[in-house]
There are 2 protein chains.
Amino acid sequence: MESKGLQPMDSEQLRENAHKMVDFIADYYKSIENFPVLSQVEPGYLRELLPDSAPNQPETLQNVLDDVQAKILPGVTHWQSPSYFAYYPSNSSVAGFLGEMLSAGINMVGFSWITSPAATELEMIVLDWLGKLLKLPEDFLSTGQGGGVIQGTASEAVLVVLLAARDRVLRKLGKNALEKLVVYASDQTHSALQKACQIGGIHPENCKLLKTDSSTNYALSPDLLSKAISDDISTGLVPFFLCATVGTTSSTAVDPLLSLGKIAKNNGIWFHVDAAYAGSACICPEYRCYIDGVEEADSFNMNAHKWFLTNFDCSALWVKDRNALIQSLSTNPEFLKNKASQANMVVDYKDWQIPLGRRFRSLKLWMVLRLYGLENLQCYIRNHINLAKYFEGLVAADSRFEVDRPCYVCLYVFLFYTPDWTSDLSNTYLFTDKTFLTRSSYSILFICNTFNFTKLADFC
Amino acid sequence: MESKGLQPMDSEQLRENAHKMVDFIADYYKSIENFPVLSQVEPGYLRELLPDSAPNQPETLQNVLDDVQAKILPGVTHWQSPSYFAYYPSNSSVAGFLGEMLSAGINMVGFSWITSPAATELEMIVLDWLGKLLKLPEDFLSTGQGGGVIQGTASEAVLVVLLAARDRVLRKLGKNALEKLVVYASDQTHSALQKACQIGGIHPENCKLLKTDSSTNYALSPDLLSKAISDDISTGLVPFFLCATVGTTSSTAVDPLLSLGKIAKNNGIWFHVDAAYAGSACICPEYRCYIDGVEEADSFNMNAHKWFLTNFDCSALWVKDRNALIQSLSTNPEFLKNKASQANMVVDYKDWQIPLGRRFRSLKLWMVLRLYGLENLQCYIRNHINLAKYFEGLVAADSRFEVDRPCYVCLYVFLFYTPDWTSDLSNTYLFTDKTFLTRSSYSILFICNTFNFTKLADFC
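Residues numbered from 1 in each chain as written. Chains lettered and ligands numbered in written order. Predicted model: local features only at pLDDT ≥ 70, side-chain atom pairs only at ≥ 80, totals over all residues. Heavy atoms only, no water.

Asker: Quick question: what am I supposed to make of the pairing of strand β6 (residues 299-303) of chain A here?
Answerer: Two faces, one strand: in a regular strand the side chains alternate between the faces of the sheet. All names here are of chain A. Counting buried residues in β6 gives 5 out of 5 residues, a clear majority hidden from the surface. Every second residue of β6 is oriented toward a common face, with Ser 299, Asn 301 and Asn 303 on one face and Phe 300 and Met 302 on the other, all of them buried. Sheet topology places β6 next to strand β7 (residues 315-319); 5 bridges connect them, and they run antiparallel. Directly across from Ser 299, in β7, lies its bridge partner Val 319. (Buried < 20%, exposed > 50% of the residue type's maximum accessible area, 1.4 Å probe, protein only. Helix = DSSP H or I, 4+ residues; strand = E, 2+ residues; numbered from the N terminus. Pairing = 2+ DSSP bridges.)

Now the structure itself:
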């Protein structure tokens, strides 16, 4: 940028170059529908296009942006494209993007309250706001013994609460009880739970993924859970953690929180609710029923970066007992001590998460809530769900398709019988090779969002 | 923003509002020296300034920016201020900021190669570039059995390699050997290691932080390590992990990698090198000696977000055996399967880290390397080190101060004898209450950077 005398953070250089970058990004969105959604490159494509080593001399921003256009964007799978339907919605927004910019602009590292009080306090406040929109029980709010925290992903959310639960029981039973600890969830649960178990040293055979089927629409059966717990206790094992899911990844199944939660409570089991995807819908009164029973939970998670217009990463986790997290994850070295922390006057989020450092992620969620407001956000959710329902009708009326299961929320599973279409589709639609049922025919997981409806209609 | 018909990602709305945000951020940098570096707010200040709940109706960007100015910035501790000297350097830059913007603009979630090939491939290439600048041995590059990956923080870096090492030894000895596993480091090591042990289920008494003193300038003594290992083996314990540090947080001590590495190798111990802070200096040939012996290491970590002008978070981790990471951290649920992954043709970084989702973080490091170039980056590092040396001379010549230990790299530990100054200083300089030695007098950890030299000179 400047060859003599590096001025790494000159405000006028920042202004000039960042304006250029804004236009580049706005132009990307303007033309995003021209790209194939799924990148068409072959493995290793980029190494042939870039030099073997970093340059000795500075290059211009224009050089780099030209390379982004010519070499990077063809290798991008365009998650923000209106034609993107894979995995789950991950809608960015102007508000989310602005919040991310501001966070990068301030670029502080908010591990302790003292390292930027506003970062910690805004996070507490905004998660209280969101908790109230979801009508979470009061003991999840920061005004009591609990509170919310932004994790990077739902994987980290389930990991930290699993560790808190593990250490709570090991404090009673001794460390060598680790091998007896048992975790429960349905077989529709996200793989993040198994990974958390691996990390936390839970024996793989003690991570019990209970079978579901169409009789419960793939929800975890309370009877099956009760029986598994009794069986395990009778063989000397120690049930300690239950993960229920509201809107599973494979089928958007909704586990019955109230009955599961009562079983967990009766057995002294930590009850975590993973509503990473579907949780957003619960800001609408008519969909709040999906999380009825959340008052029985010890922890609750939803990803604002999925279906809540907040840029990745922003995974909101609430716990009822923040001390359980802190007892498991706190470190307090001499070089991090400060008066406010020592006096227990403040929250230090470093003790609620795996990493030490953390970004100012609450800004983007705050901006989404303020720049859109609750009513707009509810409309946005309702619009998606209505589109999904309309789409369900179109598919059901078309003999080329078979409806696989009822549509919860917006994820819609169906089979189609013309695998030859895949070659046409691969340029426009992302799809997985197989359903989670490993059927031999193909299945596409479609998730409707505001933009993509025209495309879906065209397709049908 | 728009009250009727939410258009969450309209390109012209993005353009208009993001240009406003650029000016807000550039103005922040223009006036950053007017803020007290350390936020002066009291715990709980923000709750009184913000409403109790999210708004029903949208607000304007100007509303929000006014609140950022009036309510958020006073609660920010300004890590990017030229007068900031706490903890460690964490310099943002125009290039780093632009990279973060672009990453937020593309907003893809790159857990597998297929979800955006460019994200995975650029990360591999840029970490090869950086590895070459640091003259890491070839087996850390992605062209062999190893490779680099961007983690969020050094805490996550040490955690993932500790898990890989743990699981490698447990595959041999069985899971119940966990209680016998022993970790070694010096007592100057970052608390992240202890946290990683807690998470991974290593017994706290088996995380052995060996004593250091001024005779080795607080570096870990190979003799002490050898003795500890022999003692532990003789009591039936299983040494499995050694963490050496290049530039410890408390004193920038540099552990002797070559001798430590040989001991580790002879005992089949995973050898991790944490150069989170000081690693950046090694792009200058004259400071490369700090990591001599890194060829003995199994893994090496440096934080580009500390002293390499890359916005937080960007922690670069290299390993020699990527399969050890993958064996420990891989999950492969049906809904993530795809042809490229199943055919083992690609890297899927989800299996190298704790979370599933991941941002396009290589963009910012790529932009730092390209927009500045190696020679500028070397000048930047050298300038900091020269400033630190000059400062050391000033302090040594002033009878109000006592030099505590020699200055490695740029962190400089000294004592001063006029604690009354603290009240004056608190407005301008962040400081910790005590040194890591818990001396009764005060100590300030000063870290020089380009901007702050005038302030340091004024101060002295």
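Continuing now.
Asker: Explain unusual backbone geometry to me, please; I cannot follow it from the model alone.
Answerer: Excluding glycine, residues mostly carry a negative phi; peptide bonds, for their part, are mostly trans. All names here are of chain A. In this model, Phe 312 is joined to Asp 313 through a cis peptide bond whose omega is 10°. Within the secondary structure, Asp 313 sits in the loop between α9 (304-307) and β7. Phi at Lys 135 is positive, roughly 55°, even though this residue is not glycine. Along the chain, the position of Lys 135 falls in the loop between α4 (117-133) and β1 (147-151). Relative accessible area serves as the criterion here: at 56%, Lys 135 is assigned to the exposed category.

Asker: I would appreciate a short explanation of the UniProt feature "modified residue: N6-(pyridoxal phosphate)lysine" (unreviewed entry) in chain A in the present structure.
Answerer: Under the present numbering, the feature "modified residue: N6-(pyridoxal phosphate)lysine" (unreviewed entry) in UniProt falls on Lys 306 of chain A. Looking at the secondary structure, you find Lys 306 of chain A in helix α9. (UniProt positions renumbered as here; feature names shortened; annotations may be inferred.)

Asker: So what exactly am I meant to see when it comes to the sheet that holds strand β1 (residues 147-151) of chain B here?
Answerer: In any sheet, the strands associate via hydrogen bonds between backbone groups, in a parallel or an antiparallel arrangement. All names here are of chain B. Strand order in the open sheet made by the 7 strands is β1-β7-β6-β5-β4-β2-β3, with mixed pairing throughout. Edge positions in the open sheet fall to β1 and β3 (207-210), since each of these has one partner strand only. Going across the sheet, the axis of each strand differs from the next one's by a mean of 20°, ignoring polarity. Contacting β2 (181-186), β3 and β4 (238-245), helix α7 (residues 222-234) runs over the sheet at an angle of about 165° to β2. (Axes fitted to C-alpha atoms, helices over the stretch in contact; angles between N-to-C directions. Contact = heavy atoms within 4.5 Å.)

Asker: How should the interface of chain B and chain A be read in this particular structure?
Answerer: Often the size quoted for an interface is simply the accessible area lost on bringing the parts together. At the interface, 155 residues of chain B touch 155 residues of chain A. Here chain B and chain A share an interface that buries about 14200 Å² over both sides, 66% of which is from carbon and sulfur atoms. Linking chain B with chain A are 12 salt bridges, by the criterion used here. For Arg 15 of chain A, the salt bridge goes to Asp 23 of chain B, with nearest N and O atoms at 3.1 Å. If you look at where chain B meets chain A, you find 66 residue pairs in polar contact (both at pLDDT 80 or more). Of all the elements in the fold, those that place two or more residues in the side of chain B that touches chain A are α1 (11-30), α2 (61-72), α3 (94-106), α4 (117-133), α5 (154-173), α6 (192-200), α10 (322-329) and α12 (362-396) of chain B. Element by element, the count of residues in the side of chain B that touches chain A is highest for α1 of chain B, at 18 residues. (Buried area = accessible area lost by both parts, 1.4 Å probe. Salt bridge = Lys/Arg side-chain N within 4 Å of Asp/Glu carboxyl O. Polar contact = N/O pair within 3.5 Å; in protein donor to acceptor, adjacent residues only side chain to side chain.)

Asker: Help me out: how do you make sense of the side chain of Ser 186 of chain A in this one?
Answerer: Residues and elements named next belong to chain A. Mapped onto the elements, Ser 186 comes out in strand β2 (residues 181-186). Taking the relative accessible area as the measure of exposure, Ser 186 reaches 0% and is therefore buried. A distance of 3.0 Å separates the side chain of Ser 186 from the backbone nitrogen of Gln 188, its partner in a polar contact. When residues no more than four places from it in sequence are discounted, the contact partners of Ser 186 are Leu 209, Leu 210, Thr 212, Leu 220, Cys 243 and Asp 255.

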